[in-house]
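Observations on chain architecture
Now for the letters of each chain:
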Amino acid sequence: MSTTHADPASLDLMFPQELISAEVSAQLPSDLQIRPLASTDYKRGHLDVLSVLSIVNDLGEVAWVNQFHAMRAIPSAYFSIVILDKTSDKIVGVGTVFIERKFLRGLGSVGHIEDIAVDKSQQGKKLGLRIIQALTHISESSGCYKTILNCNDANIPFYEKCGYVKKENEMAKYAPERDNHAPKL
């Protein structure tokens, strides 16, 4: 186990560290760090943390890095963050907000929060709250007129504590399963 972690300034980050609220960062315990996703975070267990949400098809590090670069190549659209345990250099929390540009509301934008996950060993420590606060800050700082997310009914009380209100319903239609699970990049 490593006793040091990489300084965010030395990492290949998805977006600048300065977009993450200093106030949210200051509320984390000293052994944890919140920062943008880095191109080397596959090795720090990014997919392991996401697996608490759903089935994760690990297509390998090369595919993961290609997806990272594809997302980063769309300016001011994808903001994925991680909470890192500085002692172990492992990711313990993740989340993303992506910005949708609209023709409505005077050509406004909407922030969509997705894929909030905290490692089971770290749950109950308000890390999910800090992730939501950081992503909401990014969304609002980007000029979004609202920030939305989907969740199951069991998680509604958590998101209400984060300042969100239940509104409308979600609908989904899943595409038929493909034999080849490789992404189309």
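Definitions and cut-offs
Within each chain, residues carry numbers counting from 1 in the order of the written sequence. Local features in a predicted model are, by the rule used here, given only for residues with pLDDT of at least 70; side-chain atom pairs are given and counted only at 80 or more, and totals for whole chains, interfaces and linings are based on all residues. Hydrogens and water are ignored here; the side-chain numbers use all heavy atoms of the structure. Where helices and strands are cited, they refer to DSSP runs of H or I of at least four residues and of E of at least two residues respectively, numbered from the N terminus. Burial classification: accessible surface area is computed with a 1.4 Å probe over protein chains only, and a residue below 20% of its type maximum counts as buried, one above 50% as exposed, and the rest as partly exposed. Throughout this description, a polar contact denotes any pair of N or O atoms lying within 3.5 Å of each other; where both atoms belong to protein, one of them has to be capable of donating a hydrogen while the other can accept it, and for residues adjacent in sequence the pair is counted only when both atoms sit in side chains. The pairing criterion is simple: DSSP has to find at least two bridges between the two strands. Only C-alpha atoms enter the line fits that serve as axes; for helices the fit covers just the stretch in contact. Angles between N-to-C directions range over 0 to 180 degrees. Working rule for contacts: check all heavy atoms of both residues, and any pair within 4.5 Å makes them a contact.

Quick look at the side chain of Ser21
Its place among the elements puts Ser21 in the segment before helix 1 (22-26). Residue class for Ser21 comes out buried when judged on its relative accessible area of 9%. In terms of polar contacts, Ser21 uses its side chain to reach the backbone amide nitrogen of Glu23, at 3.2 Å. Among the polar contacts made by the side chain of Ser21, one reaches the main-chain amide nitrogen of Val24 at a distance of 3.1 Å.

Some thoughts on the sheet that holds strand 1 (residues 32-36)
Whether parallel or antiparallel, the strands of a sheet pair through hydrogen bonds between backbone atoms. The 5 strands are arranged 1-2-3-4-5 in an open sheet whose pairing can be described as mixed. Bordering the open sheet on either side are strand 1 and strand 5 (146-149), each of which pairs with just one other strand. When the angles between neighbouring strand axes are averaged without regard to direction, this sheet yields 20°. Both strand 4 (residues 109-118) and strand 5 contribute to a ladder of 4 bridges, which runs parallel. If you follow Gly111 over to strand 5, its bridge partner there is Thr147. Together, strand 1, strand 2 (78-85), strand 3 (90-101), strand 4 and strand 5 form the strand contacts of helix 5 (residues 127-141), whose direction differs from that of strand 4 by roughly 160°.

Some words on unusual backbone geometry
You will see that Lys126, though not glycine, has its phi angle at about 70°, which is positive. Residue placement: Lys126 occurs in the loop between strand 4 and helix 5. The phi angle at Glu168 is positive, at roughly 60°, despite the residue not being glycine. Residue Glu168 is classed as exposed on the basis of its relative accessible area of 63%.

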